Amino acid sequence: MKRSRSVGASSPLNGIGKQDGDSRRKRKVAEISQALNVTPVDVAALRRMAISEGGLLTDEIRCKVWPRLLNVPTDTLPEKPEEIERENNKDYNQVLLDVQRSLKRFPPGMPDKQREGLQEELIDIILRVLGRNTQLHYYQGYHDIVVTFLLVLDERLATALVEKLSTHHLRDFMDPTMDNTKHILNYLMPIIERINPEVHDFMQQAEVGTIFALSWLITWFGHVLSDFRHVVRLYDFFLACHPLMPIYFAAVIVLYREDEVLDCECDMASVHHLLSQIPQDLPYETLISRAGDLFVQFPPSELAREAAQQYSQQTAASTFKDFDLVSEQQRPDSVLRRRLREKQALEGAAAGAMVAMAQPTVARRFVRLAVMGLTVALGAAALTLVNTALEWVPKLDLHLFP
């Protein structure tokens, strides 16, 4: 019998009464069950359920749907994971230290014996995946992702899903260097600039960079969110989407905190401190919806040139086509595009007015620039960045979205 690993890991449906919420919840459970039971499994419907409000609702459902979202066949998995040789393993000491420091990731009140058993399984999963895939390199924060899967799934299934995730979504974080990780972080500012140039310019003037979002990105927010329900809700969303979706979610968090950012002292230390302290009471469903919309409006292919580093490298984002199914309608971007069209149809002209209101005026932007007093040196740095971007010929196979 499966142990109780997580506490309260069901996702709420926000903003509605209990009776209506129960009704919608039952309807969603029925739709998920129907999508799982048809032949072939309706992956597009499962993606919609994972993205839509409340996500996949319960860990029991996640055990069935997460493998489908990652295209991991569960009927061919070995009954018992192979034993791991820890002695002389180059990663063992670091993994052990990180796992020993991961107490806060386990549910409060979990018996020590159960937690210690799960920590041993956590070590084995990490070493097993690294042993099978010698091209992967362990990074601090990887265990935060693995423990989330372990708390939802059993060791056998968690190993399979973490291995698939590590060779696809997380592949860029597991290189010998952080070059590709830095490249992915470079998508953050172009997204922010598209929506709120004022916030973008303020952050550029403060020279805060993007390092504040590093732990968000490489742990899928597992390290920085204290409520496990919010963590698994985000994992529902990320697993149903493109590997770069976490950086879009990071952008909407910054945009949501616009007033706090602009009221902050315009220096690196102040802005970094503010942004690195992520609020725990974020409106997650609203931000998830917004991130999905931004991905459709500004896909990675449109941002790639601006996000280019000094040296272009192929990132694992291009391997996401491995997840493409035969039907075009089962691609995550198609799900997001359809979802956005439905929202626009409902909102009509009001949506255009809201977007217009959300965009700062050109005059306001230049007033802010004048107040900040941009220097000639900053202008030269910006020009260098533009020239570098223009000279870069993308090798990235990011044209996944027609």
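Please read all numbers here as calculations on a predicted model, not as lab measurements.

Asker: Summarise the state of the cysteines; cite the residues concerned and give the values.
Answerer: Throughout this description, disulfide means a covalent bond between two cysteine sulfur atoms. Counted by the stated rule, this structure contains 0 disulfides. Left unpaired, Cys264 is separated from the closest cysteine sulfur, that of Cys266, by 8.4 Å. According to the relative accessible area criterion, Cys266 is partly exposed, its value standing at 30%.

Asker: Got a sec to walk through the environment of Phe249? Specific residues and values, please.
Answerer: By the secondary structure assignment, Phe249 is in helix 13 (residues 245-256). For the pair Phe249 and Leu234, spaced 15 residues apart in the sequence, the C-alpha separation amounts to 9.3 Å. Non-local contacts of Phe249, meaning those with residues more than four positions away in its chain, are made with Phe221, Leu234, Phe238, Tyr284, Leu287, Ile288 and Ala291.

Asker: Requested: an account of the UniProt feature "transmembrane region" (unreviewed entry) in the protein, with residues and values cited.
Answerer: According to UniProt, the feature "transmembrane region" (unreviewed entry) maps to residues 237-256 and 366-390 in the numbering used here. Here residues 237-256 is 75% helix and 0% strand, with 18 Å between the C-alpha atoms at its ends.

Asker: Please set out the pattern of salt bridges residue by residue, giving values where relevant.
Answerer: Pairing of side chains with opposite charge becomes possible as their charged atoms draw close. The tally for this structure, following the rule as stated, stands at 19 salt bridges. Across the pair Asp98 and Arg101 runs a salt bridge, and its minimum N-O distance is 2.6 Å. Overall, the relative accessible area of 54% leaves Arg101 in the exposed class. Between Arg128 and Glu155 there is a salt bridge whose closest N-O contact spans 3.3 Å. Taken together, the positions of Arg128 in helix 5 (residues 112-132) and Glu155 in helix 7 (residues 155-166) put the pair 27 residues apart, joining distant regions of the chain. Here Arg128 and Glu155 have matching classes, each one buried. One network of salt bridges, in which partners are shared, links Glu82, Arg128, Arg132, Glu155 and Glu163.

Asker: Hey, could you go over the packing of aromatic side chains for me, with residue numbers and the actual values?
Answerer: Counted by the stated rule, this structure contains 15 aromatic pairs. Residues Phe238 and Phe249 carry aromatic rings whose centres are separated by 6.1 Å and whose planes lie at 80° to one another, so their mutual orientation is edge-to-face. Residue Phe238 is found in helix 12 (residues 228-239), and its partner Phe249 is found in helix 13; the two are separated by 11 residues along the sequence. The pair Phe238 / Phe249 is uniform in exposure class, with both members buried.

Parameters at a glance
Residues numbered from 1 in each chain as written. Predicted model: local features only at pLDDT ≥ 70, side-chain atom pairs only at ≥ 80, totals over all residues. Heavy atoms only, no water. Disulfide = S-S within 2.5 Å. Buried < 20%, exposed > 50% of the residue type's maximum accessible area, 1.4 Å probe, protein only. Helix = DSSP H or I, 4+ residues; strand = E, 2+ residues; numbered from the N terminus. Contact = heavy atoms within 4.5 Å. UniProt positions renumbered as here; feature names shortened; annotations may be inferred. Salt bridge = Lys/Arg side-chain N within 4 Å of Asp/Glu carboxyl O. Phe/Tyr/Trp six-rings, centres within 6.5 Å; stacked < 30°, edge-to-face > 60°.

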